[in-house]
Amino acid sequence: MSFLEGVLILTGIVAIVAQGVYVLTGLTGLFSLGQASFMAVGAYSAGIANLRFGLGFIPSLCVGVVAALLASFVVGAPSLKLKKTYFSLATIAFGYGVESVLNVSTWTGGSIGLIGVANITRVWHVAIALGLVLWVVRNFKLSRYGRACVSVRTDETAAQVYGVNAFATKQMAFSLAAALAGLGGGLYAFYLGYLSPDMFGIPVSSEYLVMVFFGGLGSQTGAFAASVLLTALMEMLRTAAEWRVILYCLIILITLMFRPTGLFGSWELSFGRRRNGSAPPDSPGALAGGARK
Amino acid sequence: MLELKKVNVRYGAIQALKDVNLRVERQTIVALIGANGAGKSSLLNAVSGIVPYTGEISWNGKLLPHHPPAIVRAGVAQVPEGRQVFSNLTVYENLLAGAYVNWSKQRIEKNIERVFSLFPRLKERASQSAGTMSGGERQMLAIGRGLMSEPSLLLIDEPSLGLSPILTTEVLALIQQVNEQGVTVLLVEQNARKSLEIAHRGYVLQNGKVVMEGTGRELLNDPAIQEAYLGVSGCA
Amino acid sequence: MLFQQIVNGISVGSMYALLAVGFSLVYNILGIANFSHGAMIALGAFFSYWIARYLAVPVPVAILASIAFTGLSSALVELVTLRILRKRGQGSLYFFIASLTVFNLVTAVLVYISRGNIVSYPRAFLSGTFTIGNLYIPWIDAGMLLISIVCLAVLSYVMFKTRFGLAVRAASFSIKAAQLMGMDIDAIIQGVFFVSGTLAGVTGALLGVKYAVYPYIGNFVYMALFACVVGGLGNLTGAVLGGLLIGLLETLVSAYISSAISPALTFAFLVVILLLRPQGLAGRATEEKI
Ligand SMILES: Nc1ncnc2c1ncn2[C@@H]1O[C@H](COP(=O)(O)OP(=O)(O)OP(=O)(O)O)[C@@H](O)[C@H]1O
Ligand SMILES: [Mg+2]
């Protein structure tokens, strides 16, 4: 497999996971620091299904997605009924827990990791998956479920008054995001051929979150563009391995400070139609006294 | 004298105040009435410098800066709506917070005595958490806290909110008493009748614009005002 | 043996308590998690190490210098991120992301500088143990507990007996109402960042002495978060109790079950708390500000 192929596969996988973060954070206004852990759940489940149960590529991917979905209910059920802050904290704790389980369980290969998964993922697999994901997320966004997510983000109480089940809506967005992370994880497992717990820590989750901010919270296009741009950048800087994370953080910080709406704001590449809402899920007065002198 | 010249306030797409001109002569009470969302609170907040505005606001001939601490030091204090007392602090601490711009211990003690003599109820509750006080007590505390910075101009936002008619009358009488001690008052009230009765002048705000002004009596007798704000039907 | 572990747990817990309190102070005003707290932990650990090593000063002096440094760094983070965002009217969500990035950035810089190495202090500080009855107590554990008690005492003096503390408590209830009292909200927020930075710094330095100094030491910030949830977000007393509880839990699980599994059990514990007592153990419900 050539270097370029590798970069394309990686970029596609990151883009798939980032689409999930877009649904969760951009549409629904929930902040998760556990997306990489859902990736881990997907990756390890798919890898184990392949390695220990001899399942094929597609069935193993399905196992990964289902496992991530199940995990999303375990995390979502206790935390999504509470304030959004608690949800974020629960995802952090989840990330912590997953990492520690992966580190001790002999099933997952402990801290050494899972070795010997088949190298199957090719560019066209990822391309098809990504195309499908982009299509699903776009339709989700435009569907009434997507609108329910936006209404929950804007004002949960008001949404409930209008008959939106806020908890179910949040759980749906969370599960969709987890499923996409699980899918990305599965593809990742079959691309790399080995997995280790430190590939999926909380810092990785935070990178996904930051990535979607970088692209523009209100924009699916932005989430896609940011994941492509930033992954490609990281891969190009691979020779400057130590510097690249620093550079990456600086670019994001500077963008955040000087173009806080992200690269795309809420602009959407959408078949000639321009959708331009006032997108950031920042309720006015969220920081009482926000803009004061 | 408080003077607003061409004051505009906008929140994103919403323009809350449009070219508002308004004057409050020294040592008078001016009532500001208007429907919900007319921009009354926005006007007070502009004077207090906590929302950005364009135009000029001056107090006693000097332009007010846009910096809240400097405004309080210049003698302009606000009693915010919605009983925004610090419910995580005690009554006494709330008064101390009101005296934040005042460094001198003696002056603080003197002012606290003054507030306690205006509102004896607060003295009994000095060490009670403000969060556990009744609505009326909170309103008293909010006004008392507003007096702690020794303001020469007091902006009061809906003091009658949630109070019984009797308590409303009482609170307005207290405001009149404060005014008689030399404090200029700009009073925002939902209860237009009672506030116009104690006010020297009144302004009517509609959709962010001043649509009418006059003495309290003139406005009370104006048929349009009676219908819109005093709940007097045409034939009564 | 059990007592031994309890002592250990309490002293680690007292560190978490300090972290959690610093974390809560900022949370109470902004209503958002400030992850740059983790960066300050790591900076505290590295700075006191560097000063002790390269300037060859006694460790306590190095720690003091490093506390001042993290306090200032934290105030600087406020100045170059939050302040600008607030001026532009962008809410705390953007700061949440910015603080995460600051945390990642500082960790990356420390990884770069230290080349990922784990280092220990050149000179022993609070090493060895002393005995009470048949308990062997490491000096560092006693030191951590003592120092955190001193810090908490100073903090509660500042919060309840000073003008600044009054302003912080007022602003934690409502920024708008605090401004109407003539409080300079920018200065207050910056002061809170300074205080929270010093608490992170002292904790980072001591954790570095107890364990080792390494770039990912800032991850202890997550313990602070869990402590806050367990104690009830926004509740300072709860944060202290939560910190002690998490410290105890972690130590006992590590001692009797497995140290590697203790984060998973911490997560399970957190889920149980969220299910049974979402307002935290110490419990008053707070307002959602996000
Ligand atoms: N922080 C804000 N962001 C956006 N819009 C705001 C904000 N504050 C007020 N507004 C809007 O500005 C307009 C004027 O509001 P304001 O609070 O000044 O009205 P008011 O006259 O005090 O009403 P009420 O009698 O209900 O208190 C309203 O349409 C309101 O929705
Ligand atoms: Mg109002």
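Everything here concerns the structure above.
Here the structure is a predicted model, which means the values were calculated and not measured.

A. Looking closely at the site of ligand 1. Residue and element names in this part refer to chain B. Taken together, the neighbourhood of ligand 1 is formed by 14 residues, with Asn36, Gly37, Lys40, Ser41 and Ser42 sitting nearest. A distance of 3.2 Å separates an oxygen atom of ligand 1 from a polar side-chain atom of Glu158. The set of elements that each furnish at least two residues to the shell around ligand 1 consists of strand E2 (14-24) and helix H1 (40-47). Here the shell around ligand 1 gets three residues from one element, more than from any other, and that element is H1. In terms of residue class, the shell around ligand 1 is made up of five nonpolar, six polar and three charged.

B. Structural view of the interface of chain B and chain C. Of the residues lining the interface, 23 residues belong to chain B; the matching set on chain C comes to 16 residues. Carbon and sulfur atoms make up 64% of the surface buried where chain B meets chain C, a total of about 2,000 Å² over both sides. Per-residue buried area on chain B facing chain C is highest for B:Ile50, B:Phe86 and B:Tyr100; these three make up 33% of the total on that side. B:Glu93 serves as the salt-bridge partner of C:Arg169, at 2.9 Å between the closest nitrogen and oxygen. Of all the secondary-structure elements, those providing two or more residues to the side of chain B that touches chain C are helix H2 (68-73) and helix H3 (91-98) of chain B. Ranked by the residues each element gives to the side of chain B that touches chain C, the list is headed by H3(B), at four residues. For the side of chain B that touches chain C, the residue count by class is 13 nonpolar, eight polar and two charged.

C. Spotlight on empty space enclosed by the protein. In this structure the tally under the stated criterion is five cavities of 30 Å³ or more. Each pocket or cavity is described by its volume, and for the second largest cavity that value is around 40 Å³. In terms of lining, the second largest cavity is formed by B:Val72, B:Ala77, B:Gln78, B:Gly98, B:Arg145, B:Gly146, B:Ser149, C:Leu180 and C:Met181. For the lining of the second largest cavity, the secondary structure elements donating two or more residues are strand E6 (76-79) and helix H6 (135-147) of chain B. Taken together, the residues of the lining of the second largest cavity break down into four nonpolar, four polar and one charged.

D. Quick look at a nonpolar patch on the surface. Residues and elements named next belong to chain C. On the surface, a cluster of nonpolar side chains totalling about 540 Å² of accessible area is made up of Met1, Leu2, Tyr256, Ile257 and Leu265. Position of Tyr256 among the secondary structure elements: in helix H10 (residues 236-256). Residue classification places Tyr256 among the partly exposed positions, given a relative accessible area of 45%.

E. Layout of the interface of chain C and chain A. Listed by partner, the interface residues are 56 residues for chain C and 50 residues for chain A. Both faces considered, chain C and chain A share a buried interface measuring about 5,000 Å² in area, 74% of it formed by carbon and sulfur atoms. Applying the counting rule to chain C against chain A returns zero salt bridges. At the boundary of chain C and chain A, one finds three residue pairs in polar contact (both at pLDDT 80 or more). With 14 residues, the single largest contributor to the side of chain C that touches chain A is helix H4 (residues 92-114) of chain C. Of the residues belonging to the side of chain C that touches chain A, the class tally is 36 nonpolar, 12 polar and eight charged.

Cut-off values and rules
- Residues numbered from 1 in each chain as written.
- Chains lettered and ligands numbered in written order.
- Predicted model: local features only at pLDDT ≥ 70, side-chain atom pairs only at ≥ 80, totals over all residues.
- Heavy atoms only, no water.
- Near = heavy atom within 4 Å.
- Polar contact = N/O pair within 3.5 Å; in protein donor to acceptor, adjacent residues only side chain to side chain.
- Helix = DSSP H or I, 4+ residues; strand = E, 2+ residues; numbered from the N terminus.
- Nonpolar A, V, L, I, M, F, W, Y, C, P; charged D, E, K, R; others polar.
- Contact = heavy atoms within 4.5 Å.
- Buried area = accessible area lost by both parts, 1.4 Å probe.
- Salt bridge = Lys/Arg side-chain N within 4 Å of Asp/Glu carboxyl O.
- 1 Å grid on protein atoms, 1.4 Å probe; cavity = no way out; pocket = protein on both sides within 12 Å on 5 of 7 lines; lining within 4 Å.
- Points joined across faces, edges and corners; volume = space filled by probe spheres on them.
- Patch = residues over 30% accessible without salt bridge, like charges linked within 9 Å, V, L, I, M, F, W, Y side chains within 5 Å.
- Areas by Shrake-Rupley, 256 points an atom, 1.4 Å probe, with all protein chains shown as cover.
- Buried < 20%, exposed > 50% of the residue type's maximum accessible area, 1.4 Å probe, protein only.

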